[in-house]
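# Notes for the structure review
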Amino acid sequence: MARPLRIVFHGRNAASFVEGFEALLQADAELAVLPDLMADDAQRAAFARADVIVGNRFDATMSVPEGLRLYQVCATGYDGVDLAALPAPVAVCNCFGHEPAIAEYVMAGLLSHQVRLVDADRRLRQNDWAYRSGSPANVHGEIAGKVVGLLGYGHIGKAIARKAKAFDMVVHVANRSPVEPGELVDRAYFLDALPDFYASADFVVVSLPLGEETRSLVGGAAFARMRPDAVLVNVGRGPVVDEAALFEALSDRRIGGAIIDTWYRYPGAEGETTSPSRFDFAGLSNVVMTPHMSGWTDGTIDRRRRTIAGNVDRLFAGEPLANIVRPAQ
């Protein structure tokens, strides 16, 4: 009889998927939950015995378990995993499931920019009726009819397009591969037409992953083409948007505002604090700052847990894996 698969959940993020995981498995498995920094011999020994590692970080300083068959990234981005440090027989897969949550976050951001609920609440608590209906000076906007420009049309972009259409928005897309206009997309641009894309949108939503071809893709030239009341939303990766150019555009009121969820600096360990940028975005009144929270919901955790468990079962049964980043060779 084959021994159980040894599955290690490595790190704080991976540990989020443990509860209820075993109940989803058909495979016989043993689970171990290990911290980001392994502190004793027992933890290191458990890591060394792993058949499957669920995690978000692996580099050349870490020993590869001899029997490792699958490194399952418990997120979409795998930039924290050094693929070259994992031997060829180890398959690497990622998982999605965050796109419904991120689409809701984006729509919440667009709605809050037009319908100033928080500010209206704050003012009325001080007996200030600034938003009361009846005066042209108190009118607030609507997102219906506004153009949302989606820079990137993968899982996240498609989910945002569906939500935007439910609010009667106009959807423009800029993407590397062709996108046909249709029920969800009113107009599509190739990346060589980005200046026209930027100029067309009331809201520009960035959902691109970070790579050499996308780093600082949205820079000074992009902000120069955007409408003066345009709002940038970044739910992709921080450095896709040039840090200095974004701060300058917001400081100079070159664009109307920004909603930023993905940043340039992050805490290195649990409990650590740090500023998300070398620039003082917190001192600007035309930016909404959130701590990389858009995709982290109970729904995302459930969907990813099921994806990870499904891949473990496929591995156990000798079936093709899902969401392969790098196949076993």
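Before any of the text, the structure's been laid out above.
So, here's what we can say about the structure. (Residues numbered from 1 in each chain as written. Predicted model: local features only at pLDDT ≥ 70, side-chain atom pairs only at ≥ 80, totals over all residues. Heavy atoms only, no water.)

Once that is clear, we can look at the side chain of Thr300. Looking at where Thr300 falls in the secondary structure, it is placed in helix H10 (residues 298-317). Among the polar contacts listed, one links the side chain of Thr300 to the backbone oxygen of Gly295, at a separation of 2.6 Å. (Helix = DSSP H or I, 4+ residues; strand = E, 2+ residues; numbered from the N terminus. Polar contact = N/O pair within 3.5 Å; in protein donor to acceptor, adjacent residues only side chain to side chain.)

With that settled, consider the nonpolar core. In this structure, Leu151, Tyr198, Val218, Phe223, Met226, Leu232 and Leu246 are the most contacted members of the largest nonpolar core, which totals 33 residues. Among the secondary structure elements, those contributing two or more residues to this core are strand S6 (147-151), helix H7 (194-200), strand S9 (203-206), helix H8 (220-225), helix H9 (243-251) and strand S11 (257-260). When residues of this core are assigned to their parent elements, the largest contribution, five residues, is made by H9. When sequence neighbours within four positions are dropped, the list of residues in contact with Leu232 reads Val204, Val206, Val218, Phe223, Met226, Val241, Leu246, Ile255, Gly257, Ala258 and Ile259. In terms of nonpolar packing, the next biggest core, distinct from the first, is built from 26 residues, Val106, Leu150, Ala164 and Val179 among them. (Core = buried A, V, L, I, M, F, W, Y, C linked by side-chain atoms within 4.5 Å. Buried < 20%, exposed > 50% of the residue type's maximum accessible area, 1.4 Å probe, protein only. Contact = heavy atoms within 4.5 Å.)

This paragraph deals with the pairing of S11. Residues Gly257 and Ile259 point to one face of S11 and Ala258 and Ile260 to the other, with burial holding for every one of them. The β-α-β motif built from strand S10 (residues 231-234), the intervening H9 and the parallel element S11 has right-handed crossover chirality. As judged from the three bridges shared by S11 and strand S12 (residues 287-289), these two strands associate in the parallel manner. Within the sheet, the bridge partner assigned to Ile259 lies in S12 and is Val288. (Right-handed = clockwise from strand over helix to strand, strands pointing away. Pairing = 2+ DSSP bridges.)

Another point: the sheet that holds S9. The strand order across the open sheet formed by seven strands is S8-S7-S6-S9-S10-S11-S12, and the pairing between neighbours is parallel. Every other strand in the sheet has two partners, leaving strand S8 (187-189) and S12 as the edge strands with one partner each. Taken pair by pair, the neighbouring strands of this sheet meet at an average axis angle of 15 degrees, ignoring direction. The sheet contacts of H9 involve S10, S11 and S12, and relative to S11 the element is tilted by about 135 degrees. (Axes fitted to C-alpha atoms, helices over the stretch in contact; angles between N-to-C directions.)

In a packed pair of helices, the relevant descriptors are the angle between the two axes and the axis-to-axis distance. Running from amino to carboxyl end, helix H4 (residues 99-114) crosses helix H6 (residues 155-166) at an angle of 50 degrees, the nearest separation of the two axes being 8 Å. The pairing of H4 with H6 is recorded here as oblique in orientation. Relative to H6, the crossing made by H4 is right-handed. Facing Glu99, Ile102, Ala103, Glu104, Val106 and Met107 of H4, the residues of H6 in contact are His155, Ile156, Ala159, Ile160, Lys163 and Ala164. (Parallel < 35°, antiparallel > 145°, perpendicular 65-115°, else oblique. Left-handed = near helix turned anticlockwise from the far one by under 90°.)

Our next topic: the layout of surface pockets. In this structure, the second largest pocket encloses a volume near 430 Å³. What lines the second largest pocket is a set of 19 residues, and nearest its centre among them are Ser112, His113, Arg116, Ser285 and Val288. Of all the secondary structure elements, the ones that give two or more residues to the lining of the second largest pocket are H4, helix H5 (117-124), S11 and S12. Residues belonging to the lining of the second largest pocket are distributed by class as follows: eight nonpolar, seven polar and four charged. (1 Å grid on protein atoms, 1.4 Å probe; cavity = no way out; pocket = protein on both sides within 12 Å on 5 of 7 lines; lining within 4 Å. Points joined across faces, edges and corners; volume = space filled by probe spheres on them. Nonpolar A, V, L, I, M, F, W, Y, C, P; charged D, E, K, R; others polar.)

Counted according to the given criterion, the structure contains eight aromatic pairs. With a centroid separation of 5.1 Å and an interplanar angle of 85 degrees, the aromatic rings of Phe9 and Phe21 are classed as edge-to-face. Of this pair, Phe9 sits in strand S1 (residues 5-10) while Phe21 sits in helix H2 (residues 21-24), and the two are twelve residues apart along the sequence. The exposure classification of Phe9 matches that of Phe21, with both residues buried. Ring geometry for Phe58 against Tyr71: centres 5.9 Å apart, planes inclined by 70 degrees, an arrangement best described as edge-to-face. (Phe/Tyr/Trp six-rings, centres within 6.5 Å; stacked < 30°, edge-to-face > 60°.)

This brings us to the sheet that holds strand S3 (residues 52-55). Across the sheet, which stays open at both edges, the six strands sit in the order S2-S1-S3-S4-S5-S13 with mixed pairing between neighbours. For this open sheet the edge positions go to strand S2 (29-34) and strand S13 (324-326), each flanked by a neighbour on one side alone. Going across the sheet, the axis of each strand differs from the next one's by a mean of 25 degrees, ignoring polarity. With four bridges connecting them, S3 and strand S4 (residues 70-73) associate as parallel partners. Paired with Val52 across the bridge in S4 is Leu70.

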